[in-house]
Amino acid sequence: MELLGKGFANKDDKVKNMRRADNFSKMAVSASIKAVTDLDTKNKEKNISIILATQFGPHVTTFKFLDNLLDYSENSVSPTVFSHSVHNAAASYIASALEIIGQTLTITSFIDPLKQAFILADAWLETYQAEKVIICYVEEESAPFTESQLHCNFPSYSKHCFTTGAAAAVVKKGSQIKIPMEVTNPFTFIEEL
Amino acid sequence: MSEKQTLDEIRTRLKEELIENLSLEDVTPEDITNDEIIFDENGLALDSLDAVEIVVFLQRIWGIEIKDMEQSREILVSIDTMANYILENA
Amino acid sequence: MNTTKIFITGVGIISALGNSIEETYGSLSAGKVNLGTLDLFDCNINKPCFKAELPAAPSSSKMRTKELADIAFHQAISQAKILQQDSQNELRIGICCGTTVASQLNNISFYRQFRENRVKSFGPVEQYLAGNISEALVKEHNFSGPGLNVVNACSSGSDAIGIAMSWIDQDICDIVIAGGADELNLVPIAGFNSLGILSDSACKPFDKNRNGLNLGEGAAFLVLERESTAQTRNAQLLAECCSYSTASDAYHLTTPRPDAKGLKTAIEQSLSKANLNIDQIDFINAHGTATKNNDAVEGQLFKKLFNKKTKILSTKGYTGHTLGAAGSIDAVLTILSLQKQWLPKNAGFSEQDPEIGLTPVNKSIDFKAEFALSTSLAFGGQNSAIIFRRI
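Residues numbered from 1 in each chain as written. Chains lettered and ligands numbered in written order. Predicted model: local features only at pLDDT ≥ 70, side-chain atom pairs only at ≥ 80, totals over all residues.

Asker: Which parts of the structure should I look at to understand the overall build of chain B?
Answerer: Scanning chain B from terminus to terminus reveals four helices and zero strands. Counted from the first residue to the last, chain B has its helices and strands arranged as α-α-α-α. Relative to the compact-globule value of 12 Å for 90 residues, chain B shows a C-alpha radius of gyration of 12 Å, a close match. If one aligns the C-alpha atoms of chain B with their principal axes, the spans along those axes are about 35 × 30 × 20 Å. Split into buried and exposed, the 90 residues of chain B put 27% on the buried side. (Helix = DSSP H or I, 4+ residues; strand = E, 2+ residues; numbered from the N terminus. Rg over C-alpha atoms; globule rule 2.2 N^0.38 Å. Buried ≥ 20, exposed ≤ 12 C-beta atoms within 10 Å, placed from the backbone.)

Asker: Can you help me understand the interface of chain A and chain C in this one?
Answerer: Note on interface size: it is often stated as the accessible area lost on association of the parts. Tallying the contact residues gives 51 residues for chain A and 52 residues for chain C. Among the elements that make up the side of chain A that touches chain C, the one with the highest residue count is helix α2 (residues 59-72) of chain A (seven residues). Residues that form the side of chain A that touches chain C fall into these classes: 26 nonpolar, 22 polar and three charged. Bridge count between strand β3 (residues 104-108) of chain A and strand β4 (residues 147-150) of chain C: two bridges; the pairing is antiparallel. Across the sheet, the residue bridging to Thr108(A) is Asn149(C), located in β4(C). (Contact = placed C-beta atoms within 7 Å. Nonpolar A, V, L, I, M, F, W, Y, C, P; charged D, E, K, R; others polar. Pairing = 2+ DSSP bridges.)

Asker: Would you explain the pairing of strand β13 (residues 371-377) of chain C in this entry?
Answerer: Two faces, one strand: in a regular strand the side chains alternate between the faces of the sheet. All names here are of chain C. Of all seven residues in β13, seven are buried, a share of seventy percent or more. When strand β9 (residues 283-285) meets β13, the two strands line up parallel, connected through three bridges. Across the sheet, the residue bridging to Ile 284 is Leu 373, located in β13. Pairing geometry for β13 and strand β14 (residues 382-390), over seven bridges, is antiparallel. By the bridge assignment, Ala 372 is partnered in β14 with Phe 388. Taking the residues that link successive antiparallel strands as the turn, the β13-β14 hairpin has four residues, and the phi of Gly 380 there is positive, at about 90°.

Asker: Even after reading the chapter, I still don't get the interface of chain B and chain C, so can you show me in this structure?
Answerer: Of the residues lining the interface, six residues belong to chain B; the matching set on chain C comes to six residues. Looking at the side of chain B that touches chain C, the element that brings in the most residues is helix α2 (residues 48-62) of chain B, giving five residues. Residues that form the side of chain B that touches chain C fall into these classes: five nonpolar, one polar and no charged.

Have a look at this one:
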């Protein structure tokens, strides 16, 4: 694979036309937009795909939905909050923001989600299922998870990169990037590409 | 308290709740007119997800039960139509 | 065009239709609709649903989704003759599983205690961490391949099959066990109810009077491998998995694109990869959830693209919408129909919707079929299409 661009976002990033999106989705879109500055997604580039990788997904939004259940009852929960607690909402926003109609996939793993995303992107590029792939890694912190880390055996991957942020890389077919045996910190890995 | 004042209070609360629950950006209650068609592109340009969100907060705040989307299309037209329905059914 | 021919050598399934492929076929051929009420946990939403019956008492240490997945998984690997020694014979076996519920920490008791600063046990968190289904299954079976969960909402089960095909095609794995699993859970029940798309009676896919979906639970797994790999293990070929494609609507978070452009792209690409003409599709196992929007979008597209000889049906009237498991359950039911040369009735249908203009299979029939298409449409606008061939 060859790198075409990369971008990073944190929770303070502002994104247009995402009024009801949660931070998880906003960070994903912001990082992806920064990564694709050189791509003409509207006119020439048709065969672009998206892989979003995460360990824990938009759990802040899941907890917000649980707040709804506890504060209001099952019949008064917010459909908007629910829609954003579904893991693939962020990838959907990326597709809408960049008008990408190719493959869109969201994957989770506690072992090495970013590496899995690169492996899959490479497979798609090699088999011409995509000409370019946006790989976006997103993670966010929350009080329940921060507290749980003190009491539970979290995967070692989490200990390195349990933070709030998004990193995106756009790749195409090539031999510049070698998929490593292990990606210990996804944000650092994309930074160093 | 006169009926008119109660209706005004409902209108004001509706506007505040729309802005809050739908995360409307750069919109104040004063920007929303009572008769504008909220789902119109020239109104607030709301969509189907906003519609179900409104149905939920009408129930949560005023106890209004809207049975299906057919019924919601008649009620969720403007601040006035919603406020009048609330006044009659809350 | 796909370069590697990939075959299915094992399937496993659990849903409201039954706890095995044999029970599933028995229920389908009898037209049994096992719709019930939710009694797994306290819930004020009285909408009917399709519950799976676990064969044994549930374990307190495992998420229900993992229980369902384990049952279907073991059926699949048993049929495919994947024995313990396969992992030691240096066959690279990977697992890819679609899910929604298992990917979230949504234990409401734990969260209530956390909010009140009185957590008694972090067991629910440990359970969640152990509940990445693919990773857990890889570890339990000592497989050497990757384990990855797909969280693409309602197309996850199909997309897991697509990933499996990529892994085999690119020689990352020799065998992949792909599928999906999801349990009935308060979060999606409350969430779908808030969207106003749960029916208060048995769902009616493609029917004029359809008024929403029924949620269901279940799991299904398929074992995928090259013919040469299967031959070395004396595994029987059940069907060919000819192609998979997926395309995005880039339209809306919860509503499918009215012009079905994403679904059309996925179908056309899948046909192209399989080197097939559209007329060669004998039947379609549609997503067919019985919501106004989904069935209109799917149905209108099918009416436009396919000629009358292509039969169309949804099996959601028997299983409910099983979310992350849906695509894989539909895939197994598609293969079942190809094997039996038979189509079940589209449960719940009685009157054609003039806005769609098609009548699905409205009684079970013997039906000669070689190629079948299975479609899945997800929240967020993902559209997936898989083509299977009868062996």
